[in-house]
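Here's the letter readout for the chains.
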Amino acid sequence: MRTLDDTDFEILRLLTEDARRPYREIADAVDLSSPSVSDRVSRLQDMGIIRRFTLDLDRSKLRGGVPVLVELAVQPDMVDNIRDTLALADGVEHVFTASDPRIFFQSRLPNADVRTFLVDTFDKEEWETITDYEVVVLTSADWTPQVSGTDLAVTCAQCGNDVSEDGETLEIDGSLYYLCCPSCLEQFKSRYDQFSANA
């Protein structure tokens, strides 16, 4: 499995500046052909590094809602559920999970009425696992994703270890899986075949 090189990181940097930047312009910047840039972007998508191309809205130019940053203290066993619910909630722009059982989210809420938002967003079981919350009203918010100082961090689909450049890839039914070694590759294929036979 090939790891990311400087050209991949430059392509990512250029796309984070403008996701609609033409491949021809990127190709000129990285000294490749447009088809080569397209191939690299497709590979970055297959690897799950590029998940989607989206818009960066300047919310200060739109009316409605008060921008808030909310910190939730959550029971440890419910962190994933609470995060997933928030990620799908209307008006929530960013969700962050801390190493301790806390979740932060940024949102625009009518009249900064966080309690009503929380009660309406979570079911009774989820609501009861939120032990405390704090709210900060924001005057502005900037979101600038960066790729500098990063490296490829792919985990093995079989054992969870890091996959190095000597790792293996396996495509099954249109999905790409990364394995750290031939042994894990064989175990994963065997497990997949067994699940398929039992389905």
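Residues numbered from 1 in each chain as written. Predicted model: local features only at pLDDT ≥ 70, side-chain atom pairs only at ≥ 80, totals over all residues. Heavy atoms only, no water.

Caption draft 1: Region of the structure containing the nonpolar core. Within the largest apolar cluster, 25 residues are counted, with the highest numbers of intra-cluster contacts made by Ile26 and Leu179. Among the secondary structure elements, those contributing two or more residues to this core are helix H1 (6-17), helix H2 (23-30), helix H3 (34-46), strand E5 (168-172), strand E6 (175-179) and helix H7 (182-198). Ranked by the residues each element gives to this core, the list is headed by H1, at five residues. Leave out the neighbours within four places in its chain, and Ile26 touches Ile11, Leu14, Leu15, Arg21 and Val37. (Core = buried A, V, L, I, M, F, W, Y, C linked by side-chain atoms within 4.5 Å. Buried < 20%, exposed > 50% of the residue type's maximum accessible area, 1.4 Å probe, protein only. Helix = DSSP H or I, 4+ residues; strand = E, 2+ residues; numbered from the N terminus. Contact = heavy atoms within 4.5 Å.)

Caption draft 2: View of the pattern of salt bridges. Counted by the stated rule, this structure contains 12 salt bridges. The salt bridge involving Glu71 is made with Arg102; its shortest N-O contact spans 3.0 Å. Highlighted residues: Glu71 in strand E1 (residues 66-74) and Arg102 in strand E3 (residues 102-109), separated in sequence by 31 residues. Looking at Glu71, the relative accessible area reads 23%, which means it is partly exposed. A relative accessible area of 28% means that Arg102 is categorised as partly exposed. With its nearest N and O atoms 3.0 Å apart, the salt bridge here joins Arg102 to Asp100. Through salt bridges that share partners, Glu10, Arg13, Glu17, Arg21 and Glu25 make up one connected network. (Salt bridge = Lys/Arg side-chain N within 4 Å of Asp/Glu carboxyl O.)

Caption draft 3: Spatial organisation of the environment of Pro110. Summarising the element assignment, Pro110 is placed in the loop between E3 and helix H5 (114-121). We classify Pro110 as exposed; its relative accessible area is 59%. Taking C-alpha positions, Pro110 is 9.0 Å from Pro67, a pair spaced 43 residues apart along the chain.

Caption draft 4: The arrangement of H2 in detail. Within H2, burial applies to Ile26, Ala27 and Val30. Considered in projection along H2, the buried side chains sweep an arc of 105 degrees and stay on one side of the axis. The exposed residues of H2 that point more than 90 degrees off its buried face are Arg24 and Asp28. For H2, the elements touching its buried residues are H1 and H3. (Arc of directions from axis to C-beta.)

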